[in-house]
Amino acid sequence: MVVSGAQVAHGTSGADTPAPAFNLIMQPEFPLNALILASEALRIANQNSGRELFRWRFVSEDGAPVRASNGMWMSADDSLQTMPHADYYLVFEGNLPVQRNSPRLLNQLRGVARFGATIGAVDTGSFALAQAGLVDDRQVVLHWEAVPSFKERFPQVSVNGQIYLVENQRITCAGGVATLDMMLDIIGRLKSPTLANEVANALVHTPRPASAPQRLDDRPKLAKLTLSDRILALMERHLDFPLSLQEIAHRLDVSHKTVLRECQRSFEETPMRLYLRIRLQASRNMLFYEEFSIKDVATACGFSYPSVFARAFLAQFGMSPRAFRDTLRRGQSQTYRPEVRRLSITPPTGEAQ
């Protein structure tokens, strides 16, 4: 089923001032759950108030339907060229963000930013903001799986691990359910916290603060961080130049035997084997989100040679890094403009007239 924003009842305005407008920009493979939560929050705010408090449009690069990451296609109300002026521009992005952020999109974001609009990014949308030069002196939030790729490409931009961040006229969000938390915050700022709470109740959701961590294992403990927490955090901070067991112990101010015992107790792994798993998972995420060369991915994740990386990746995931990427990209290409693809692979049924 193809859904259009124009088919959603936006309500009728009873206000004297124009309702804040949102352009929800859908990039290929965007997260549908995040887009639905964003638009539903605005719809419910209008419904509960009985008037048009907010307006929104679904936008794609050329105005054509866009495929979401779950395979569904979403119709657009406008293209980047025809979209109306808005107060908020939110970029919803999935995998391969850099490759799919066109010069037209980046120029549009720069242009509306110059005229005072608020620019937002959901999931990996922060790649577009960084490419457009709109966050060089700011912190950003994006989905935790894409953080290693983002840091590799934009080392000058600071990444924050919370669920969303509102900083002046920039909003960045990790995606998923965090999108709803972000929208509730925006509704509360633009209208009232009471209305935001009504929307949260309608969606059976308990709002979280922006500072909430993205992952369960990143939640602050009632007591101080355990040694296993500190070991994981240290390893994740040092992917490109892995630390030795002695260096890990020294930085944690414990003996190397203590590190060994803790890794065996908490993870049933030796420290170095655990470290390897963390680096391999980071490399898998980079292959998923980016088109870095295999050599660059190997270097970013602390492997001295691509061949060493390839062997370790094969042992962990059952296929080489190149085969993993090729399989993933083939699946993505088969869902892009399927009607054209069918024409290209369907044999002729008769002679040309």
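Here, the structure is the one placed above.
Predicted model only: the values in this text are computed from it and were never measured.

A. Highlighting the overall build of the protein. Secondary structure assignment for the protein yields 15 helices and 11 strands. Here the protein holds 353 residues, and 48% of them are scored as buried. In the protein, once contacts between residues fewer than 6 apart in sequence are set aside, the share between residues at least 24 apart is 67%. Summing over all exposed atoms, the protein offers an accessible surface of approximately 17800 Å²; the carbon and sulfur share of this is 52%.

B. View of helix H10 (residues 256-267). In this model H10 runs 16 Å from its N-terminal to its C-terminal C-alpha over 12 residues, within 8% of the 16 Å that 1.5 Å per residue would give. Among the residues of H10, Val 259, Glu 262 and Cys 263 are the ones counted as buried. Take H10 and look down its axis: the buried residues cluster within an arc of 100 degrees, on one side only. Exposed residues pointing more than 90 degrees away from the buried face of H10 are listed as Lys 257, Arg 261 and Arg 265. Close packing links the buried residues of H10 with helix H8 (227-237), helix H9 (245-252) and helix H11 (271-289). Count one or two residues on from H10 and you reach Glu 268, which has phi positive near 55 degrees.

C. Highlighting the sheet that holds strand E11 (residues 170-173). As summarised here, the arrangement of the seven strands in space is E5-E2-E1-E6-E7-E11-E10, forming an open sheet in which the pairing is mixed. Of all strands in the sheet, those bounded by a partner on one side alone are strand E5 (78-79) and strand E10 (164-167). Where strand E1 (residues 21-26) meets strand E2 (residues 55-60), five bridges bridge the pair, whose relative direction is parallel. Residue pairing for E2: Asn 23 is matched across the bridge by Arg 57. Across the sheet, helix H1 (residues 32-49) touches E1, E2, strand E6 (88-93) and strand E7 (118-123), and the angle it forms with E2 is around 160 degrees.

D. Fine view of the packing of H11 against helix H13 (residues 306-317). It is the contact of H11 with H13, at a shortest axis distance of 10 Å, that shows an interaxial angle of 95 degrees. Taken together, the axes of H11 and H13 lie roughly perpendicular to each other. Contact residues: H11 offers Arg 273, Leu 276, Arg 277, Leu 280, Gln 281, Ser 283, Arg 284 and Leu 287, while H13 offers Phe 309, Ala 312, Phe 313, Gln 316 and Phe 317. Looking at the contact of H11 with H13 residue by residue, the classes come out as seven nonpolar, three polar and three charged.

E. Structural view of the pairing of E11. What you see with E11 is no split at all: Arg 170 and Thr 172 on one side and Ile 171 and Cys 173 on the other are buried throughout. Relative to E11, E7 runs parallel, the two being bridged by four bridges. Bridge assignment links Ile 119 to a residue of E11, and that residue is Arg 170.

F. Seen up close, the packing of aromatic side chains. Inspection of the entire model under this criterion finds 10 aromatic pairs. Aromatic side chains Phe 127 and Phe 150 sit 5.1 Å apart centroid to centroid with 85 degrees between the ring planes, which places their arrangement in the edge-to-face category. In this pair, Phe 127 sits in helix H4 (residues 126-131) while Phe 150 sits in helix H5 (residues 147-153), placing the two residues 23 residues apart along the sequence. Residue Phe 127 shares its accessibility class with Phe 150, and that shared class is buried. Looking at Arg 215, its charged tip hangs above the ring of Trp 144, at a distance of 4.5 Å from the centre. The cationic tip of Arg 284 hangs over the ring face of Phe 317; the distance from NZ or CZ to the ring centre is 5.7 Å.

G. A look at the nonpolar core. By size, the foremost hydrophobic cluster in this structure holds 42 residues, and its most contacted members are Phe 22, Phe 30, Leu 35, Phe 92, Met 182, Met 183 and Ile 187. Elements represented by at least two residues in this core include exactly E1, H1, E2, E6, E11, helix H6 (178-190) and helix H7 (193-202). Looking at this core element by element, the count peaks at nine residues for H1. If near-sequence neighbours (up to four positions away) are discounted, Met 183 is found in contact with Phe 22, Ala 38, Ala 41, Leu 42 and Leu 90. Core analysis: the second largest hydrophobic core is formed by 32 residues, Ile 25, Leu 105, Ala 132 and Leu 134 among them.

H. Looking closely at the pairing of E6. Taken across its six residues, E6 has six buried, putting it largely inside the fold. Side chains Tyr 88, Leu 90 and Phe 92 project from E6 onto one buried face, and the interleaved Tyr 89, Val 91 and Glu 93 project onto a second face that is buried too. In terms of strand pairing, E1 meets E6 through five bridges, oriented parallel. Across the sheet, the residue bridging to Ile 25 is Val 91, located in E6. In this structure, E6 lies alongside E7, joined through six bridges in parallel fashion. Bridge assignment links Phe 92 to a residue of E7, and that residue is Val 122.

I. Molecular detail of the side chain of Thr 172. Mapped onto the secondary structure, Thr 172 falls in strand E11. A polar atom in the side chain of Thr 172 sits 2.9 Å from the backbone nitrogen of Val 141. Not counting chain neighbours up to four residues away, the residues in contact with Thr 172 comprise Ala 121, Ser 126, Leu 129, Gln 139, Val 140, Val 141, Tyr 164 and Leu 165.

J. Seen up close, the packing of H8 against H9. Running from N to C, H8 and H9 point in directions that differ by 120 degrees, and their axes come no closer than 11 Å. Between H8 and H9, the angle falls in the class oblique. In this structure, the crossing between H8 and H9 has a hand that is right-handed. Across from Leu 227, Arg 230, Ile 231, Leu 234 and Met 235 in H8, the residues of H9 making contact are Ile 248, Arg 251 and Leu 252.

The rules behind these values
Residues numbered from 1 in each chain as written. Predicted model: local features only at pLDDT ≥ 70, side-chain atom pairs only at ≥ 80, totals over all residues. Heavy atoms only, no water. Helix = DSSP H or I, 4+ residues; strand = E, 2+ residues; numbered from the N terminus. Buried < 20%, exposed > 50% of the residue type's maximum accessible area, 1.4 Å probe, protein only. Contact = heavy atoms within 4.5 Å. Areas by Shrake-Rupley, 256 points an atom, 1.4 Å probe, with all protein chains shown as cover. Expected span 1.5 Å × (residues − 1). Arc of directions from axis to C-beta. Pairing = 2+ DSSP bridges. Axes fitted to C-alpha atoms, helices over the stretch in contact; angles between N-to-C directions. Parallel < 35°, antiparallel > 145°, perpendicular 65-115°, else oblique. Nonpolar A, V, L, I, M, F, W, Y, C, P; charged D, E, K, R; others polar. Phe/Tyr/Trp six-rings, centres within 6.5 Å; stacked < 30°, edge-to-face > 60°. Lys NZ or Arg CZ within 6 Å of the ring centre and 35° of its normal. Core = buried A, V, L, I, M, F, W, Y, C linked by side-chain atoms within 4.5 Å. Polar contact = N/O pair within 3.5 Å; in protein donor to acceptor, adjacent residues only side chain to side chain. Left-handed = near helix turned anticlockwise from the far one by under 90°.

On their own, these measurements won't tell you what the molecule is for.
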